[in-house]
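What follows is each chain in one-letter form.
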Amino acid sequence: MEMNTQIRPYSISIAQAELDDLHERLARTRWPVALPGVGWERGTPVGYLRELAEYWRTGFDWRAQESRLNAYANYTTEIDGQAIHFLHVRSPEPDALPLLMSHGWPSTVAEFERVIGPLTDPRAHGGDPSRAFHLVIPSLPGFGLSPEVAATGWGLPRTVDAYAELMRRLGYERYGTQGGDIGAGVAGMLAGVAPESVVGIHMNGPTNFAKPTAGQTFTAREQERLSVEAELGEHRSGYLLLQSNQPSTIAVALTDSPVAQLSWIVEKFQAWTDPAKQLPEDAVDRDQLLTNVTLTWFFQGGAGSANFVYESMNGELAWAPPGVEGDERPEAEGDAGATDPGEQWSQPSVPTAVAVFAADTSVRSLIDTGSISRWTEYEVGGHFPAMEAPEEFVTDVREFFAEVR
């Protein structure tokens, strides 16, 4: 048991044979015919993907990215039988607030690279040193750097329990949480399982919990967001339906073909980033995007993340509404129509901030259950604000936690 609770330093070291294999697979890609006049409406265009894959093979310097990531303090520890990787970057400021940050899908801890310095050492980045953070950034189980899980059951609730244990293991009794996408669920649910510890929740672009009702009114901007949400749900939700129902089917393709993995991720970076940007690399740094893809490839995160989505959509929910204790929590529907947490459960009464970026579809009246104390909207960025709009992201995180630390 003592060995299982140890926190061990970790260094990313991809064998040269694996890197060579990636390049060989990219060179041997069997490409489909590119239909004339077809754009992103049918998924990732073949012509665009061929160019990006060639850069991944011949221009992208993985060793440089590996070195950059290893410059941070990487660790692993075993929790509930699963190895959990995490970055633990402590601030030079002794009174810094611990902050657990969780990435979402389809991403890795590399998503946060541009904000780690400003958040941990604001003094060195022109900020107020009293707003510094000690950062704990775990890799979701089965995603890049946390190895693929060897058993079923690793969805959002079990992950949240593991993260609460991780913070206890690190000695943090009082901390904040931050996340987007799956990470938003992590950030909120941690307050449900560790209410005595979480001082504030910061989310970016959470999904609308409720559906519009008859007679409900919305601003023009909110109506625009709801239209985008409806379009995404009707025409761009295949990834979610497949992973929620048959993750093993797509897992084979994502594990065997790096171009399949590249296409699977890049399409979402085009659909979910700043609408003013035409291509994914217009919204985010191309090498940072490919670092996320490469970590996913080497650690078989395509399969792991697909199974994570399945478990989360078909398993028990992680927090209960007022008056319902944990042992009384019913399980969600065991199908792809699994209960939306927002339809049945309410958020814990912990101060909560929501940052909505340009590509997000969040509408306050469809999310706020009474605990949101800060709601900020930006005209830039999207689903990956730490990559797309790091200055706005850092400012929002700093300002919110200044109120609750």
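Our subject is the structure listed above.
Worth saying up front: this structure is predicted, and the values here are computed from it rather than measured.

**Student:** Please clarify how the packing of helix α5 (residues 156-169) against helix α6 (residues 182-193) should be interpreted in this entry.
**Tutor:** Describing two packed helices takes the angle between their axes plus the distance from one axis to the other. Where α5 meets α6, the axes come as close as 9 Å, and the angle between the chain directions of the two elements is 60°. With respect to each other, α5 and α6 are oriented oblique. Of the two possible hands of crossing, α5 and α6 adopt the one that is right-handed. The residues of α6 that touch α5, namely those facing L156, V160, D161, Y163 and A164, are I182, G185, V186, M189, L190 and V193. The class makeup of the residues in the contact of α5 with α6 is nine nonpolar, one polar and one charged.

**Student:** Is there a simple way to think about helix α10 (residues 258-272) in this case?
**Tutor:** Side chains of residues three or four places apart in an α-helix project in the same direction, reflecting 3.6 residues per turn. Between its terminal C-alpha atoms α10 stretches 21 Å, which fits the 21 Å expected from 15 residues at 1.5 Å a residue. Counting buried positions over the 15 residues of α10 gives 13, a clear majority of the element.

**Student:** Before we go on, may I ask you to explain the pattern of salt bridges in this structure?
**Tutor:** Between side chains of opposite charge, a pair can form as their charged atoms come close. As enumerated under the stated definition, the model contains 17 salt bridges in all. One salt bridge connects R68 with E113, and the closest N-O pair in it is separated by 2.8 Å. Taken together, the residues R68 in helix α3 (residues 62-70) and E113 in helix α4 (residues 113-120) connect sequence positions 45 residues apart. Taking the shortest distance from any N to any O, the salt bridge between R221 and E224 comes out at 3.7 Å. One end of the pair, R221, and the other, E224, are both in helix α7 (residues 220-235), three residues apart, so they sit about a helical turn from each other. The class for R221 is partly exposed, based on a relative accessible area of 22%.

**Student:** For this particular structure, what's the right way to read the packing of aromatic side chains?
**Tutor:** Pairs of aromatic rings are described using the distance from one ring centre to the other and the angle between the two planes. In this structure the tally under the stated criterion is twelve aromatic pairs. Arranged with centres 5.5 Å apart and planes meeting at 85°, the rings of F143 and F308 form a pair that is edge-to-face. Separated by 165 residues along the polypeptide, F143 in the loop between β5 (133-138) and α5 and F308 in helix α13 (residues 301-314) bring together distant segments of the chain. In this pair, the class of F143 matches that of F308, namely buried. Their ring planes at 15° and their centres at 4.9 Å tell us that F357 and Y378 sit as a pair that is stacked. Highlighted residues: F357 in the loop between β8 (352-356) and β9 (372-377) and Y378 in the loop between β9 and α15 (385-388), separated in sequence by 21 residues. Of the two residues, F357 and Y378, both sit in the buried class. Among the aromatic residues, those joined into a ring-pair cluster are W105, Y239, W264 and W272. Looking at R286, its charged tip hangs above the ring of Y55, at a distance of 3.7 Å from the centre.

**Student:** I'm lost on the nonpolar core in this one. Help?
**Tutor:** Generally speaking, soluble globular proteins have nonpolar side chains that are buried together. Within the largest apolar cluster, 94 residues are counted, with the highest numbers of intra-cluster contacts made by M101, L119, L190, L262 and F393. The biggest single contributor to this core is α10, with eight residues. Not counting residues within four places of it along the chain, the set of residues in contact with L119 comprises M101, R131, A132, F133, L135, F393, V394, V397 and R398. Core analysis: the second largest hydrophobic core is formed by six residues, F209, V354, V356 and W375 among them.

**Student:** Honestly, the sheet that holds strand β4 (residues 97-102) in this entry has me stumped. Any pointers?
**Tutor:** Spatial ordering of the open sheet is given by β1-β2-β3-β5-β4-β6-β7-β8-β9, a layout of nine strands whose pairing is mixed. Of all strands in the sheet, those bounded by a partner on one side alone are β1 (7-9) and β9. Strand-to-strand twist in this sheet, taken as the mean axis angle between neighbours without regard to direction, amounts to 25°. Summarising the sheet, β8 and β9 pair through five bridges and their orientation is parallel. When the sheet's bridge partners are listed, A353 is paired in β9 with R374.

**Student:** Looking at this structure, I do not really get the environment of D21. What am I missing?
**Tutor:** Turning to its location among the elements, D21 is positioned in helix α1 (residues 16-27). Residue D21 is classed as partly exposed on the basis of its relative accessible area of 27%. Expressed as a C-alpha distance, the spacing of D21 and S312, which sit 291 residues apart in the sequence, is 32 Å. Polar contacts involving the side chain of D21 include one to the side chain of R25, which spans 2.7 Å.

**Student:** How do you make sense of the pairing of strand β3 (residues 82-89) when you look at a structure like this?
**Tutor:** In the case of a regular strand, side chains alternate between the two sheet surfaces. Of all eight residues in β3, seven are buried; the element is thus mostly enclosed. Two elements, strand β2 (residues 74-79) and β3, share six bridges in a ladder whose sense is antiparallel. From the neighbouring strand, T76 faces β3, where its bridge partner is H85. Counting the residues in the hairpin turn of β2 and β3 gives two residues, including D80, whose phi is positive at 55°. As paired strands, β3 and β5 are joined by four bridges and run antiparallel to one another. If you follow H88 over to β5, its bridge partner there is V136.

**Student:** It is not clear to me how the environment of E388 should be interpreted in this structure. Could you clarify?
**Tutor:** Examined against the element boundaries, E388 turns out to sit in helix α15. On the basis of relative accessible area, E388 is assigned to the buried category, the value being 16%. Considering only alpha carbons, one finds E388 and Y48, 340 residues apart in sequence, at a separation of 20 Å. Residues in contact with E388, not counting those within four places in the same chain, are W272, T273, D274, A283, V284, G381, G382 and H383. Reaching out from E388, the side chain makes a polar contact with the backbone nitrogen of D274 at a distance of 2.9 Å.

Cut-offs used in this document
- Residues numbered from 1 in each chain as written.
- Predicted model: local features only at pLDDT ≥ 70, side-chain atom pairs only at ≥ 80, totals over all residues.
- Heavy atoms only, no water.
- Axes fitted to C-alpha atoms, helices over the stretch in contact; angles between N-to-C directions.
- Helix = DSSP H or I, 4+ residues; strand = E, 2+ residues; numbered from the N terminus.
- Parallel < 35°, antiparallel > 145°, perpendicular 65-115°, else oblique.
- Left-handed = near helix turned anticlockwise from the far one by under 90°.
- Contact = heavy atoms within 4.5 Å.
- Nonpolar A, V, L, I, M, F, W, Y, C, P; charged D, E, K, R; others polar.
- Expected span 1.5 Å × (residues − 1).
- Buried < 20%, exposed > 50% of the residue type's maximum accessible area, 1.4 Å probe, protein only.
- Salt bridge = Lys/Arg side-chain N within 4 Å of Asp/Glu carboxyl O.
- Phe/Tyr/Trp six-rings, centres within 6.5 Å; stacked < 30°, edge-to-face > 60°.
- Lys NZ or Arg CZ within 6 Å of the ring centre and 35° of its normal.
- Core = buried A, V, L, I, M, F, W, Y, C linked by side-chain atoms within 4.5 Å.
- Pairing = 2+ DSSP bridges.
- Polar contact = N/O pair within 3.5 Å; in protein donor to acceptor, adjacent residues only side chain to side chain.

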